[in-house]
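Working through the structure, step by step
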Amino acid sequence: MEHMKVFNTLTRKKEEFIPIKEGEYKIYVCGPTVYNYIHIGNARPAVIFDTLRRYLEYRGNTVRYVSNITDIDDKIIKKANEEGVSFDTVARKYESEYYTDLDGMNVKPADARPRVSDTIPEIIDITQTLMDKGHAYKTENGDVYFRVHSFAEYGKLSHQPLEDLESGARIAMGEIKESPVDFALWKASKPGEPQWASPFSAGRPGWHIECSAMSKKHLGETIDLHCGGEDLIFPHHENEIAQSECASDKIFAHYWMHNAFLNVDNQKMSKSLNNFFTVRDISKEYGYEVIRYFLLTAHYRSPLNFTREIIAQCKSSLERIYTAREQLDFLMANTTGTQDTIKAAADKAKADFISVMNDDLNTADGLSKIFELVTAINTTGTLQTKQALEYAATMFDELCGVLGILYNRKTDEIPQQVKDLVAERSEVRQAKNWKRADEIRDELAALGYEVKDTPQGPQILNK
RNA sequence: GGUGCCAUAGCCAAGCGGUAAGGCAGAGGUCUGCAAAACCUCUAUUCUCCAGUUCAAAUCUGGAUGGCACCUCCA
């Protein structure tokens, strides 16, 4: 069995991606904190790792894919208090909006989409285990902290010596910790905060413990891959490793993948710079699919710059793919050709596509392989047999499907009214009545259709 | 200060030791009643700069310059 290669943050090397059980991958992706609409930066891991999943499935594997919702968090609580509603009112709203955006970008629903608020017993359980094993301690006010110095491998993901981390760490107001690097597993609740009963105190979980608990609950103690944005490497993922491995005495995840950040006008997105874009707003202007396409145009470990100019370019590029696909359908219905050389071109595109995707998910190169097939189709057109074109179309759809693009094709039956207008237009064109012909084109446009005149007759496009 | 990453045409971007993929934009042409799309040709003798290694470097090494990230619960 051939495996793709991925860059493993743990070893900082490209490695063969070998699952625990051949043909089955267990993947956990850190999801968003739901206190607002997601921004385009949030969309990057969602789309990239969805593409990884699609690719692994395309290559014949089964994938168990889990992505969480962080619905207990300071920012959510703050927003809820501002609006005078409960935290879960805020969380449920933006969770729902998040899924609307994911659906818009053609991200397949995860097999499990756990919420922190539904995982409290498991969180308490791990916390208790860590305390029992001496990896965690409780303070007077009811907080529970992880004892970082009890885990010798701490820092193995971020590749930072503990001393350096220690010098950079801060102690927040009111924290009483043995070491500045220790982090909260459980926080005793303060007034105005949601709380859950626990053996430690009435309180709520810390940030990092939730992913350890949800990953274990839905995928087991050891998984194949854990991924997320590169900012999560430290402290979030480092801490997850510490918690999970100390609790289970097993490897938490064999592979770690992290996507680079997305910038706007070459600057970090931030509210103060006023360069903050939500997926929702961009989708209204350009459509969701262009966002997905855009995210695939660069390698996931490279920084990606977002500007309106670049998005506009992506829209044109995507258009070329759509046009070729529509052309393919038209050709299949009208070709009189006898060749089948397009089959070889399609086979080559597929083989090349697999080759570049195997190399650490090179989606940018993957797209270029689709464009090579586009050119082959556009060049050879009516010379090919119907069967050969069908073969190419199947391959075309396969590859686009792996990248998750080309999902907005209009496949509705063309209305009789439109067909009649096109027929009338053909007649008046025969009579060289160009005025009426152009009128009809306008009428068709008003109905949402476009007509192109080709040597094989009029091609009707649903726009 | 510690740890990493990046620099390829007007724009986006792959390539990572063997002589510059792909897309967008642009110019000219073909086709067309006009369109649209498509096709053909052109658009980096060169990969930020300077040294070095090598038969061979955008690709490796050293240095410089510029940009970015993490070490601050931001994907």
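Residues numbered from 1 in each chain as written. Chains lettered and ligands numbered in written order. Predicted model: local features only at pLDDT ≥ 70, side-chain atom pairs only at ≥ 80, totals over all residues. Heavy atoms only, no water.

Once that is clear, we can look at the overall build of chain A. For chain A, the count of helices and strands is 15 helices and 15 strands. In terms of overall dimensions, chain A has C-alpha extents of about 95 × 55 × 35 Å along its principal axes. Buried residues in chain A amount to 52% of all 463 residues. Taking contacts inside chain A between residues at least 6 apart in sequence as the whole, the part at least 24 apart equals 75%. As displayed, chain A offers around 20700 Å² of accessible surface, 49% of which is attributable to carbon and sulfur atoms. Across chain A, 57 positive and 70 negative side-chain charges occur, with their mean positions spaced 2 Å apart. (Helix = DSSP H or I, 4+ residues; strand = E, 2+ residues; numbered from the N terminus. Buried < 20%, exposed > 50% of the residue type's maximum accessible area, 1.4 Å probe, protein only. Contact = heavy atoms within 4.5 Å. Areas by Shrake-Rupley, 256 points an atom, 1.4 Å probe, with all protein chains shown as cover. Lys, Arg positive; Asp, Glu negative; His and termini not counted. Charge placed at Lys NZ, Arg CZ, Asp CG, Glu CD.)

For Ile251, the position within the fold is in the loop between helix H7 (233–248) and strand E10 (253–259). By relative accessible area, Ile251 is classed as partly exposed at 39%. Remark: the alpha-carbon pair of Ile251 and Ala351, spanning 100 residues in sequence, is separated by 35 Å. If sequence neighbours within four positions are ignored, Ile251 has contacts with Glu221, Thr222 and Glu245.

Moving on, we come to the side chain of Ser67. With respect to the secondary-structure elements, Ser67 resides in strand E4 (residues 62–67). In this structure the side chain of Ser67 is engaged in a polar contact, spanning 3.1 Å, whose partner is the backbone oxygen of Val29. Discounting chain neighbours no more than four positions away, the residues touching Ser67 are Val29, Cys30, Gly31, Tyr98, Ala110, Ala112, Arg113 and Pro114. (Polar contact = N/O pair within 3.5 Å; in protein donor to acceptor, adjacent residues only side chain to side chain.)

Here the focus is the confidence of the model for chain A. Mean pLDDT over chain A works out to 92, with 97% of the residues at or above the 70 mark. The least confident element of chain A, judged by mean pLDDT, is helix H5 (residues 162–168) at 73; the most confident is E4 at 97. Per the prediction output, this complex has pTM 0.95; the corresponding ipTM is 0.94. (pLDDT = per-residue confidence, 0-100.)

Our focus in this paragraph is the packing of helix H6 (residues 207–219) against H7. At a minimum axis separation of 8 Å, H6 and H7 run at an interaxial angle of 55°. Considering their axes alone, H6 and H7 lie oblique with respect to each other. When you trace H6 past H7, the crossing you get is right-handed. Here Trp207, His208, Ile209, Cys211 and Ser212 of H6 come into contact with H7, specifically with Pro235, His236, Asn239, Glu240, Gln243 and Ser244. Tallied by class, the residues present in the contact of H6 with H7 amount to four nonpolar, six polar and one charged. (Axes fitted to C-alpha atoms, helices over the stretch in contact; angles between N-to-C directions. Parallel < 35°, antiparallel > 145°, perpendicular 65-115°, else oblique. Left-handed = near helix turned anticlockwise from the far one by under 90°. Nonpolar A, V, L, I, M, F, W, Y, C, P; charged D, E, K, R; others polar.)

A word on the pattern of salt bridges. One pass over the structure, following the stated rule, counts 43 salt bridges. Between Arg280 and Asp101 there is a salt bridge whose closest N-O contact spans 2.8 Å. Linking Arg280 in helix H8 (residues 279–286) with Asp101 in helix H3 (residues 87–104), this pair joins segments that are 179 residues apart in sequence. Among the residues examined, Arg280 registers a relative accessible area of 13% and is labelled buried. Looking at Asp101, the relative accessible area reads 0%, which means it is buried. Residue Glu178 is joined to Arg147 by a salt bridge in which the shortest nitrogen-to-oxygen separation is 2.8 Å. Of this pair, Glu178 sits in the loop between H5 and strand E7 (183–188) while Arg147 is found in the loop between strand E6 (144–146) and H5, placing the two residues 31 residues apart along the sequence. Three or more residues are tied together by salt bridges with common partners; here these are Asp71, Arg92, Glu95, Arg115 and Asp118. (Salt bridge = Lys/Arg side-chain N within 4 Å of Asp/Glu carboxyl O.)

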